[in-house]
Amino acid sequence: MRRVLISGILLVGCGVAWAQSSGWPAGPEHAVVTLWPKGAPGVNTTTGPEADTTTAEGEKIAGRPVVRLGNVSVPTITVYEPKGTRNGAAVVVFPGGGYRILAMDLEGTEVCDWLTSRGVACFLLKYRVPETGPYPKSDEALQDAQRAVGMVRARAAEWKVDPKKVGVLGFSAGAHLAAAVSTHYATRLYPRVDAADDVSCRPDFAVVAYPGYLAIAEKGMEFNPDIPVTKETPPTFLVQAEDDHTANVENAVEYFLALKRAGVPTELHIYAEGGHGFGLRRTRLPVTGWPDLVDVWMKTIGMTP
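Residues numbered from 1 in each chain as written. Predicted model: local features only at pLDDT ≥ 70, side-chain atom pairs only at ≥ 80, totals over all residues. Heavy atoms only, no water.

Engineer: I'd like a rundown of the pattern of salt bridges, residues and numbers included.
Structural biologist: Per the stated rule, a full pass over the model turns up 16 salt bridges. In this structure, the salt-bridge partner of D194 is R147, at a minimum N-O distance of 2.8 Å. Separated by 47 residues along the polypeptide, D194 in the loop between α5 (173-183) and β9 (206-209) and R147 in helix α3 (residues 140-154) bring together distant segments of the chain. As a salt-bridge pair, R147 and D197 come within 3.1 Å of each other at their nearest N and O atoms. Of the two residues, R147 sits in helix α3 while D197 sits in the loop between α5 and β9, which places them 50 residues apart along the sequence. Owing to a relative accessible area of 10%, D197 belongs among the buried residues under this scheme. (Salt bridge = Lys/Arg side-chain N within 4 Å of Asp/Glu carboxyl O. Helix = DSSP H or I, 4+ residues; strand = E, 2+ residues; numbered from the N terminus. Buried < 20%, exposed > 50% of the residue type's maximum accessible area, 1.4 Å probe, protein only.)

The structure is reproduced here in structure tokens:
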């Protein structure tokens with residue numbers, strides 16, 4: 001009995017230490033802004049309280065657990081100030097999770113730590129899940145993305161960013177969301193709330209990592225017409241692994257071709273190995289060096305010096 005009790009204490013202790021080391025929830029040094037001051041529009045799809053749904057048996061990435069936040073009904077932006085010299089660029093980050101959960105550390109806090117180390121202000125969006133997308137199945141996640149980009153641009157002076165250098169970066173379902181807000185920005189999908197909805201919610205650039213929902217399997221992986229690419233779609237960087245069996249590589253390839261046909265500046269990087277959901281965690285695989293390529297790309301498109 002004593003041995004079981006000690007084991008239980010150790011497990012609890014490990015869980016607390018992991019929660020603290022994951023970076024989520026963010027510490028008091030990071031401002032948290034509620035996206036919808038009078039409550040989010042649309043349908044509430046949650047089935048219980050917001051919570052980390054990770055289990056001890058859950059899949060690990062690079063040997064570490066992943067925070068899988070579920071039942072999000074109150075969207076927020078967590079503000080990450082740049083470390084060192086600011087360069088004026090800002091990125092709104094969309095974690096992935098199949099529109100069911102949000103990988104808040106792997107594809108959120110860890111991404112913001114990387115961006116802020118480069119002088120880029122980061123805004124981590126906790127958007128509504130579960131089952132809130134992909135658009136047009138439902139509007140909620142895209143409403144949150146539109147509102148978030150507009151809010152960062154409207155408060156650019158307060159947050160010390162250049163309103164002409166506000167980009168998005170998304171993973172998996174969040175990558176689809178980045179493509180959706182890159183092509184659905186002319187009209188808000190919700191009634192005006194305040195001045196943040198009077199400015200453009202078009203991103204100035206987009207980073208799309210292992211996206212889903214951009215190619216239709218039932219139609220031979222043809223490009224999804226619900227992502228209406230035009231010449232006004234922002235410059236886009238795409239990365240994916242060829243052996244991704246969760247979101248097939250055609251999702252990135254078809255989006256790249258649609259951007260190319262429209263004359264949008266774009267880069268596509270495909271790696272032989274990496275699977276799905278690798279985030280920024282370094283492993284022996286070359287795919288995990290992709291953030292270095294984003295650094296170079298942001299310079300080439302004039303977003304960072």
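This is not the end of the story, as more comes after the structure.
Engineer: Lay out the sheet that holds strand β2 (residues 51-52) with the relevant residues and their values.
Structural biologist: Strand order across the open sheet formed by three strands is β2-β3-β6, with antiparallel pairing between neighbours. Looking at strand neighbours, the two that pair on one side only are β2 and β6 (101-103), the edges of this open sheet. The sheet contact formed by strand β3 (residues 68-70) and β6 spans three bridges and is antiparallel. What sits directly across from L69, in β6, is L102. (Pairing = 2+ DSSP bridges.)

Engineer: An account of the side chain of T304 is requested, with residue identities and associated values reported.
Structural biologist: By the secondary structure assignment, T304 is in the segment after α7 (290-300). Side-chain polar atoms of T304 contact the backbone nitrogen of K299, separated by 3.4 Å. Non-local contacts of T304, meaning those with residues more than four positions away in its chain, are made with N87, A89, V120, D295, M298 and K299. (Polar contact = N/O pair within 3.5 Å; in protein donor to acceptor, adjacent residues only side chain to side chain. Contact = heavy atoms within 4.5 Å.)

Engineer: Could you give me a rundown of the sheet that holds strand β5 (residues 90-94), with the residues and numbers involved?
Structural biologist: With mixed pairing, eight strands are arranged side by side in an open sheet as β1-β4-β7-β5-β8-β9-β12-β13. The open sheet terminates on both sides in strands that have one partner only, identified here as β1 (32-34) and β13 (266-271). Each neighbouring strand pair of the sheet contributes to a mean axis angle of 15°, computed without reference to strand direction. In this sheet, strand β7 (residues 121-126) lies alongside strand β4 (residues 76-80) in antiparallel orientation, the contact comprising five bridges. Its bridge partner lying in β7, T76 is registered against K126. Across the sheet, helix α2 (residues 105-117) touches β4, β5, β7 and β8 (166-171), and the angle it forms with β5 is around 165°. (Axes fitted to C-alpha atoms, helices over the stretch in contact; angles between N-to-C directions.)

Engineer: Let's hear about unusual backbone geometry: which residues, and what values?
Structural biologist: P25 follows W24 through a cis peptide bond whose omega is 0°. Secondary-structure assignment places P25 in the loop between α1 (2-22) and β1. Note that the residue after Y135, namely P136, is joined by a cis bond; omega there is 10°. Inspection of the secondary structure puts P136 in the loop between β7 and α3. Although it is not a glycine, N71 adopts a positive phi angle of roughly 60°.

Engineer: Quick rundown of the packing of aromatic side chains? Include the residues and the values.
Structural biologist: Under the definition given, this model contains 11 aromatic pairs. Ring geometry for Y99 versus Y213: centroids 5.7 Å apart, planes at 45°, classification tilted. On the criterion of sequence distance, the pair formed by Y99 in the loop between β5 and β6 and Y213 in the loop between β9 and β10 (215-216) is long-range, its members being 114 residues apart. Relative to W290, the ring of W114 lies with its centre 6.0 Å away and its plane at 70°, an arrangement referred to as edge-to-face. Residue W114 is located in helix α2, and its partner W290 is located in helix α7; the two are separated by 176 residues in the primary sequence. Overall, the relative accessible area of 0% leaves W290 in the buried class. These aromatic residues form a ring-pair network of at least three members: W114, F171, Y210, F278 and W290. (Phe/Tyr/Trp six-rings, centres within 6.5 Å; stacked < 30°, edge-to-face > 60°.)

Engineer: An account of the pairing of strand β12 (residues 236-241) is requested, with residue identities and associated values reported.
Structural biologist: With respect to burial, β12 is a largely interior element, six of its six residues being buried. Here β12 shows no split at all, with T236, L238 and Q240 on one side and F237, V239 and A241 on the other all buried. Two strands pair when backbone bridges link them, and β9 and β12 are joined in this way by four bridges, in the parallel orientation. Paired with A209 across the bridge in β12 is V239. Handedness of the crossover joining β12 and β13 through helix α6 (residues 250-262) is recorded here as right-handed. (Right-handed = clockwise from strand over helix to strand, strands pointing away.)

Engineer: Explain the packing of α3 against α5 to me, and be specific about the residues and the numbers.
Structural biologist: In the contact formed by α3 and α5, the axes pass within 10 Å of each other and the chain directions differ by 65°. Our pair here, α3 against α5, has a crossing hand that is right-handed. Contacts between α3 and α5 involve A141, L142, A145 and Q146 from the former and L177, A180 and V181 from the latter. Its residues assigned to classes, the contact of α3 with α5 shows six nonpolar, one polar and no charged. (Left-handed = near helix turned anticlockwise from the far one by under 90°. Nonpolar A, V, L, I, M, F, W, Y, C, P; charged D, E, K, R; others polar.)

Engineer: Mind laying out the environment of P228, listing which residues take part and the relevant values?
Structural biologist: Position of P228 among the secondary structure elements: in the loop between β11 (222-223) and β12. Under the relative-accessibility criterion, P228 is labelled partly exposed at 34%. Between the C-alpha atom of P228 and that of T183, which follows or precedes it by 45 residues, the distance is 5.8 Å. Not counting chain neighbours up to four residues away, the residues in contact with P228 comprise T183 and H184.

All quantities given are derived from atomic positions and should not be read as evidence of function.
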